[in-house]
Amino acid sequence: MPGTGTDTARQGQAPRHIAVLPRSLSGVLGDLGQRAGGLWHHAFTAQPLPPRWLVLGSGVLALAVVASSRVWPVARTVVTIVHEGGHALVALATGRRLAGVRLYRNTAGETFSAGRPDGPGIALTTAAGYPAPSLLGLGAAALLAIGHLTGMLLLSLVLLAGLTVAVRNAYGILAVLVTAGAVAAVCLFAPAVVQAGFGYAMTWFLLLGGVRPVIELRRGRRRGRTRRSDADQLARLTPVPAGAWVMIFGIVAVAALAVSARWLVR
């Protein structure tokens, strides 16, 4: 009967489709495993430095992003991730109990830790936010200067993975995962020249992106808009006034940019 023959044909085709899926999946996983293994090998191997035009071009691109009134409000989320990550890392390093990190759509963030309400632990934790992007950029520049591009990218993934565990709101988790996903995709699938451009642009962005928030903080304080900033909290925790803390943040940011630029542009 026609109906019976059709049913038999469909039943015969099903196993073939089912058998193809595991082989395809295993092929994809095998390819990813090979790529990941190659990354791990390159992480400890010095790679050739890129041409100067790529280093300078990535710096110009990062400067355009930081200076743009349209792109910066979106890109600033990455700086906020590093800012709050700095608070969280120092809180753990000083023996405080990290209660969680929150990132918001308006690029603001909060880090909560438990411990003594005064003393060096809370002061260092509070002071760590604004210098964090600049210092991370300085570390990235040091690795790039000796040819460890892949190591720098993988280290950023490790730091993002650690921060993901501490984030306590949905938008914050999404922001960190999207950032980590972009870095991972470049590491796994992009050609060497694209990886180099991305790594250098990311480093320049952290360095330049560490300067602009300090400028915004100074402007905000002059207009009386930021009385709960890190600088104001530090003024209550230490004998140093808030304005001096803003100056310290600025010195760290500019110094990190100057030193890193000398390392990167040779």
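Residues numbered from 1 in each chain as written. Predicted model: local features only at pLDDT ≥ 70, side-chain atom pairs only at ≥ 80, totals over all residues. Heavy atoms only, no water.

This next bit is on the overall build of the protein. For the protein, the count of helices and strands is 11 helices and two strands. Along its sequence from the N terminus, the protein presents helices and strands in the succession α-α-α-β-β-α-α-α-α-α-α-α-α. Residues counted as buried form 40% of the 266 residues belonging to the protein. The long-range fraction of contacts in the protein, counting pairs at least 24 apart against all pairs at least 6 apart in sequence, stands at 73%. As displayed, the protein offers around 14800 Å² of accessible surface, 68% of which is attributable to carbon and sulfur atoms. (Helix = DSSP H or I, 4+ residues; strand = E, 2+ residues; numbered from the N terminus. Buried < 20%, exposed > 50% of the residue type's maximum accessible area, 1.4 Å probe, protein only. Contact = heavy atoms within 4.5 Å. Areas by Shrake-Rupley, 256 points an atom, 1.4 Å probe, with all protein chains shown as cover.)

In the structure shown here, the tally under the stated rule is four salt bridges. In this structure, the salt-bridge partner of Glu 216 is Arg 212, at a minimum N-O distance of 3.0 Å. Of the two residues, Glu 216 and Arg 212 are both situated in helix 9 (residues 212-222); the distance of four residues between them amounts to about one turn of the helix. The exposure class assigned to Glu 216 is partly exposed, which follows from its relative accessible area of 26%. Judged by its relative accessible area of 23%, Arg 212 falls in the partly exposed class. (Salt bridge = Lys/Arg side-chain N within 4 Å of Asp/Glu carboxyl O.)

Attention now moves to the environment of Gly 147. Here Gly 147 lies in the loop between helix 5 (131-145) and helix 6 (149-166). Judged by its relative accessible area of 4%, Gly 147 falls in the buried class. Residues Gly 147 and Ala 46 lie 101 residues apart in sequence; the distance between their C-alpha atoms is 4.7 Å. Among all residues touching Gly 147, those that are not within four sequence positions of it are Thr 45, Ala 46, Gln 47 and Leu 49.

Right, let's talk about the packing of aromatic side chains for a bit. As enumerated under the stated definition, the model contains three aromatic pairs in all. Aromatic side chains Tyr 130 and Phe 249 sit 5.1 Å apart centroid to centroid with 20° between the ring planes, which places their arrangement in the stacked category. With Tyr 130 in the loop between helix 4 (120-127) and helix 5 and Phe 249 in helix 11 (residues 242-264), this pair connects stretches of sequence that are 119 residues apart. Tyr 130 sits in the buried class, given a relative accessible area of 14%. Note on Phe 249: relative accessible area 2%, which makes it buried. The interplanar angle of 40° and the centroid separation of 6.2 Å between the aromatic rings of Trp 245 and Phe 249 together place this pair among those described as tilted. Of this pair, Trp 245 and Phe 249 are both found in helix 11, four residues apart, which corresponds to roughly one turn of the helix. Among the aromatic side chains, those forming a connected cluster through ring pairs are Tyr 130, Trp 245 and Phe 249. (Phe/Tyr/Trp six-rings, centres within 6.5 Å; stacked < 30°, edge-to-face > 60°.)

Here the focus is the packing of helix 6 against helix 8 (residues 192-209). Relative placement of two packed helices is described by the angle separating their axes and the distance separating the axes. Closest axis-to-axis distance for the helix 6/helix 8 pair is 10 Å, and the angle between their directions is 60°. Between helix 6 and helix 8, the interaxial angle falls into the category oblique. Crossing geometry of helix 6 relative to helix 8 is assigned as left-handed. Facing helix 6, whose interface residues are Leu 149, Thr 150, Met 152, Leu 153 and Ser 156, helix 8 presents Gln 195, Ala 196, Phe 198, Gly 199, Met 202 and Thr 203. A per-class count over the contact of helix 6 with helix 8 returns six nonpolar, five polar and no charged. (Axes fitted to C-alpha atoms, helices over the stretch in contact; angles between N-to-C directions. Parallel < 35°, antiparallel > 145°, perpendicular 65-115°, else oblique. Left-handed = near helix turned anticlockwise from the far one by under 90°. Nonpolar A, V, L, I, M, F, W, Y, C, P; charged D, E, K, R; others polar.)

Between helix 10 (residues 230-237) and helix 11, whose axes approach to 8 Å, the crossing angle comes to 125°. With respect to helix 11, the axis of helix 10 lies oblique. When the axes of helix 10 and helix 11 are compared, the crossing they make is right-handed. Within the contact between the two elements, helix 10 uses Ala 231, Asp 232, Leu 234 and Ala 235 and helix 11 uses Ala 242, Trp 245, Val 246 and Phe 249.

Shape is all these values report; function is a separate question.
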